[in-house]
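# Examination of the molecular architecture
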Amino acid sequence: MIAVRRAELSDVDAIRQIGLTTWPVAYAGLVPEAFITDGLAQWWSVEAVERGISKGITLVAADGDALVGMVGLGREEDSWVMWKLYVLPDQQSKGVGKALLDAAIAALPDGTPELLLDVLVANEQAIGFYRSQGFTEAQRTPSRDLGDELMWMVIDLDRT
């Protein structure tokens, strides 16, 4: 049974392992190998993971004692952004991603109107998952230009 909880600094190594295992599989064939290598060094370093836990909202999905997925949220300008949502390859399609996304939305401050994310336009699997969860292409976004390889997606949280 999957349990989602707030990450603690003692989870850093296990969270890093999720990234180091998942990133190469998720992006193989979609981006140059150098992008994967650089991303692992930049976004999955001990310092980056500790910063996400300390300054943002980081949640982990556990199956017993083993962490099998994680989600990281933070602020960009006036928006909440989901920076990471990764599930170990052998745990995908088992509801872990949905459980993490639901818990992430629930962890946002009351009154948060929407949640943004950026995604590679070539990552059809991720885009399909996000669309199935209610995300659409964002019309209003932070000012950071994503270029042609990434796009902003948004889910409206003001649903009644």
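Reading guide: rules and limits
Residues numbered from 1 in each chain as written. Predicted model: local features only at pLDDT ≥ 70, side-chain atom pairs only at ≥ 80, totals over all residues. Heavy atoms only, no water. Pairing = 2+ DSSP bridges. Helix = DSSP H or I, 4+ residues; strand = E, 2+ residues; numbered from the N terminus. Phe/Tyr/Trp six-rings, centres within 6.5 Å; stacked < 30°, edge-to-face > 60°. Buried < 20%, exposed > 50% of the residue type's maximum accessible area, 1.4 Å probe, protein only. Lys NZ or Arg CZ within 6 Å of the ring centre and 35° of its normal.

For the chain, an unreviewed UniProt entry supplies the name GNAT family N-acetyltransferase and the organism Kribbella jiaozuonensis.

Our next topic: the sheet that holds strand S6 (residues 136-137). Hydrogen bonding along the main chain pairs the strands of a sheet, whether they run parallel or antiparallel. With mixed pairing, the seven strands of this open sheet are ordered in space as S1-S2-S3-S4-S5-S7-S6. Because the sheet does not close on itself, it has two edges, and the strands there are strand S1 (2-6) and S6. Bridge analysis of strand S3 (residues 66-76) against strand S4 (residues 79-87) gives eight bridges, and the strand direction is antiparallel. Bridge pairing in S4 places Glu76 opposite Ser79.

Applying the stated criterion across every chain yields a total of nine aromatic pairs. Arranged with centres 6.4 Å apart and planes meeting at 55 degrees, the rings of Phe35 and Trp43 form a pair that is tilted. Look at Phe129 and Tyr130: their rings are 5.4 Å apart centre to centre, the planes differ by 65 degrees, and that puts the pair in the edge-to-face class. Exposure remark for Phe129: the relative accessible area of 24% places this residue in the partly exposed category. The exposure class of Tyr130 is buried, given its relative accessible area of 9%. Aromatic ring contacts, followed pair by pair, group Trp23, Tyr27, Phe35, Trp43, Trp44 and Tyr86 into a single cluster. Between Lys84 and the ring centre of Trp44, over which it is positioned, the NZ or CZ distance is 3.9 Å.

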